[in-house]
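The chain contents come next:
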Amino acid sequence: MTPWMRKIHKWIGIIIAIQFVLWMSSGVVMSLFDAGKVGGREFRIKPPAASLWPANALTVDDVLAKAAAPVMTVSSGWLLDQPVYRLVNDKSTWMVRAVDGGTIALGPELATRIAQASYSGAGHPAAPRLLRYSPETRKHKEPVWRVDFNDSDDTTVYVSANTGNVLEHRNSTWRVFDFFWMLHIMDYSERENFNNPLLVTSAVGGLWMALTGVWLLFTSFRLSEFIPKRWRRVASVSVYSDGNRVRLVPASKGDTVFQALARDGLQLPSNCGGGQSCGLCEVRCIGKAPEPTSADRALLSPQKLEAGYRLACNLPVDGSVEVEVDGATARATEYEATVTSVRAVTPFLREITIRPNAHVECRPGSYIQVHVPDYARDASHIQLPDEHRDDWRGVALPPKLVNPEPLRRSYSLAVPVEKCGGQLTLLVRFMPGQQPGKGSSYMYTLKEGDSVRFSGSFGDFAIKPGGREKVFIGGGAGMAPLRAMIHSLLDEGAREPMHFWYGARSHRDAPYVEEMKAFAGMHPNFKWQLVLSEETAEEAQDVRTGLVHEAARDALLRKHPDLAACDFYLCGPPAMLASTLKLLKEMGVSDDRIAFDDFKV
């Protein structure tokens, strides 16, 4: 439940935060306005005291007798200096002269005189306009005369076309205030209902945010964390690899396995720093595994849960714990490497080659974790080829690229190590935004000769044995592990059919296209297909258009005689990966025929 709660909390939080900014900013702005101007009182004249009612005025009975329609209510009053009766029924309101009962037609000339009588400014009236309804007099659902005055505040006087009453004085100050009032109360139509559904929903959302925030706060801590370490019972974590115990790690009751191993120098891979959101720090419990938590179920497959795998960052040390860690020796080893090459293969994909200070075993499909230090570097450190400068013009980089604390980022190898003389080739995608990706910003500022530190290799994304037909589907930086696998298979003389479907937005975003075309020309069993999502069929020559998983479905998978005989290898952006996995499931492909790398994002 916690991972989903965290995700929902994040997105609702963004929505509520936007509305909170609108509430706060609109409230601040409204407080700066002069109340008299907003209320239209600056140039409004109070009506004079009523004169004595004339003795020769008709009585109410006489007025009712003369009325041409049924009357529900009668009231007396003055229209400028003229005594009048105002008659109302369920269909209309009209006025008659109090002296002779004649109907009064409130035309443009009379409306102008009434407006001028209520106005003390220096402006001159424009020709009045009769409106069936005006949002500036929304409290009055009746026809009105609008009389505009050409003063410095664009004053408008509204006169009721039925009763002759001056309804409102509006001005440019009120109109600005009214806009911020609309934002403040979230009533985007009438701007009157303080309890409208949008505002109530936002208030409920804010309450939900507070309650889930308290929930997430408590689930982020364990009671033992508030107990000093020296008061906690001593425990231990036995670390096994390939069936052999390789380390006994001292711990304290209440630690997590992730914390205990990291303190002893065995840093498990993690993009979230032990925050239960990336799923990289998986370990297999030896013996009876504890019940999986919501984070375990969200980030680990049912097969792995059944086999006893759990997230180390969510696995408490309640006594003596035994876990198996894949490649525990490699995980405990940190390497230093020198950058030997930096090459932009597309505007936002960069190939970075590093030479480790010692031999590193890396099979195709595996990844390393680069240790990103805390840094503050000028954005000008990112060097751009001339042909890519136009693509970067729309990227609003901050003046400084900053990472306040060390972290680790995972990058897959793009070429088998053996083909590069022991060097590691990484494919890094730049993550733009107001706060660009801390890992990609660091990698994009590297230059030849710079030193980097890393751990690895890691991962279980690998070529399956058996020589079955292979279908590779990828996109973005997912090119890296798939390319390494294809290099390895072709170099080893694999004869089974292989299909590589790669999706990109445009030709400029697709790396290694010429290399893949060359492979397809040299190896009859290898088929290459580029799919572009943002180019039309006329622009995209010799390629397909649309989404890569849909293109592969229509042109390959639906026509394939035996999908059960194929192995599938998937890697790419989360949306593409999720859509492809769903597609393969709908087409009846079993899970044991699918291998994928989701970069744990």
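Predicted model, so just to flag it, every value in this text is computed and none were measured.

What counts and how
Here the residue numbers are simple positions, counted from 1 along each chain's written sequence. Local features in this predicted model are restricted to residues whose pLDDT is 70 or higher, and side-chain atom pairs enter the listing and the counts only when it is 80 or higher, whereas totals over whole chains, interfaces and linings include all residues. Excluded from the side-chain calculations are hydrogens and water; all other atoms, namely the structure's heavy atoms, are used. Where helices and strands are cited, they refer to DSSP runs of H or I of at least four residues and of E of at least two residues respectively, numbered from the N terminus. Buried, partly exposed and exposed residues are distinguished by accessible area as a fraction of the type maximum, computed with a 1.4 Å probe on protein chains only: under 20%, between the cut-offs, and over 50%, respectively. Only heavy atoms matter for contacts: two residues are in contact if any of them lie within 4.5 Å across the pair. Note on areas: Shrake-Rupley with a 1.4 Å probe; residue coverage comes only from the protein chains shown. Only buried residues count toward a nonpolar core. Its members are Ala, Val, Leu, Ile, Met, Phe, Trp, Tyr and Cys residues joined through side-chain atoms within 4.5 Å. Paired strands, as defined in this entry, are two strands with at least two bridges between them according to DSSP. Nonpolar side chains (Val, Leu, Ile, Met, Phe, Trp, Tyr) within 5 Å and like charges within 9 Å form the patches, drawn only from residues with over 30% relative accessible area and no salt bridge. Put simply, a salt bridge is a Lys or Arg side-chain nitrogen that is within 4 Å of an Asp or Glu carboxyl oxygen. Convention adopted: a line fitted to C-alpha atoms gives each axis, helices being fitted over their contacting stretch, and angles between N-to-C directions are expressed from 0 to 180 degrees. His is not counted, nor are the chain ends; Lys and Arg add positive charge and Asp and Glu add negative charge. Think of a polar contact as two N or O atoms within 3.5 Å of one another; within protein, one of them needs to be a possible hydrogen donor and the other a possible acceptor, and neighboring residues in sequence only count if both atoms come from side chains. Arc definition: it is the arc formed by the directions from the helix axis to the C-beta atoms.

Draft legend 1. Representation of the overall build of the chain. A count of helices and strands for the chain gives 16 helices and 27 strands. Across its three principal axes, the chain shows a C-alpha extent of roughly 115 × 70 × 50 Å. Counting the 601 residues in the chain, one finds 46% classified as buried. The contacts in the chain between residues at least 6 apart in sequence include a share of 64% that link residues at least 24 apart. Taken as a whole, the chain presents about 30,800 Å² of accessible surface, with 55% of it coming from carbon and sulfur.

Draft legend 2. Up close: the nonpolar core. Of all hydrophobic cores here, the largest spans 34 residues; its most connected members are Phe472, Phe500, Tyr502, Phe526 and Trp528. Taken together, the elements giving at least two residues each to this core come down to helix 13 (479–491), strand 23 (498–504), helix 14 (513–522), strand 24 (526–532) and strand 26 (566–571). Of the residues forming this core, the biggest block, 7 residues, is contributed by helix 13. Residues within four places of Phe472 in sequence aside, it is in contact with Leu482, Met485, Ile486, Leu489, Met498, His499, Phe500, Trp501 and Tyr569.

Draft legend 3. Inspection of the pairing of strand 14 (residues 334–346) at higher detail. Bridge count between strand 14 and strand 21 (residues 451–458): 5 bridges; the pairing is antiparallel. Counterpart to Glu336 in the pairing with strand 21 is Arg453.

Draft legend 4. Region of the structure containing a nonpolar patch on the surface. Together, Phe20, Val21, Met24, Val28 and Leu32 make up an exposed nonpolar region whose accessible area comes to about 520 Å². Here Val28 lies in helix 1 (residues 2–31).

Draft legend 5. Highlighting the sheet that holds strand 7 (residues 156–160). Strand order across the open sheet formed by 4 strands is 5-6-7-8, with antiparallel pairing between neighbours. The open sheet has two free edges, formed respectively by strand 5 (129–131) and strand 8 (166–170), since each of these has just one partner strand. On average, adjacent strands in this sheet sit at an angle of 25° to one another, irrespective of strand direction. Taken together, the 4 bridges between strand 7 and strand 8 define a ladder with antiparallel strand orientation. Bridge pairing in strand 8 places Val157 opposite His169. Across the sheet, helix 4 (residues 108–117) is in contact with strand 6 (144–148), strand 7 and strand 8; its angle to strand 6 comes to roughly 60°.

Draft legend 6. Quick peek at the pattern of salt bridges. Applying the stated criterion across every chain yields a total of 31 salt bridges. Taking the shortest distance from any N to any O, the salt bridge between Lys37 and Asp153 comes out at 4.0 Å. Of this pair, Lys37 sits in helix 2 (residues 35–38) while Asp153 sits in the loop between strand 6 and strand 7, and the two are 116 residues apart along the sequence. What makes Lys37 partly exposed here is its relative accessible area of 28%. The residue Asp460 makes a salt bridge to Lys304 at a minimum N-O spacing of 2.6 Å. With Asp460 in the loop between strand 21 and strand 22 (469–475) and Lys304 in helix 9 (residues 302–306), this pair connects stretches of sequence that are 156 residues apart. Taken together, the shared-partner salt bridges in this structure form one network comprising Arg138, Asp178, Arg191 and Glu192.

Draft legend 7. Layout of the side chain of Arg350. For Arg350, the location among the structural elements is in strand 15 (residues 349–356). Summary of buried charges: Arg350 has no salt-bridge partner, and the nearest side chain of opposite charge, Glu387, is 9.3 Å away. Side-chain polar atoms of Arg350 contact the backbone oxygen of Gln383, separated by 3.1 Å. Dropping the residues within four chain positions of it, Arg350 is found in contact with Val342, Arg343, Ala344, Val345, Ile382, Gln383, Leu384, Pro385, Leu426, Leu427, Val428 and Tyr444.

Draft legend 8. Examining helix 14 more closely. Every buried residue belonging to helix 14 is among Val513, Met516 and Phe519, and all of these are buried. Buried residues of helix 14, seen end-on, are gathered within an arc of 120° and therefore sit on one face of the element. In helix 14, the exposed residues that point more than 90 degrees away from the buried face are Glu514, Gly521 and Met522. Next to the buried residues of helix 14 lie helix 13, strand 23 and strand 24.

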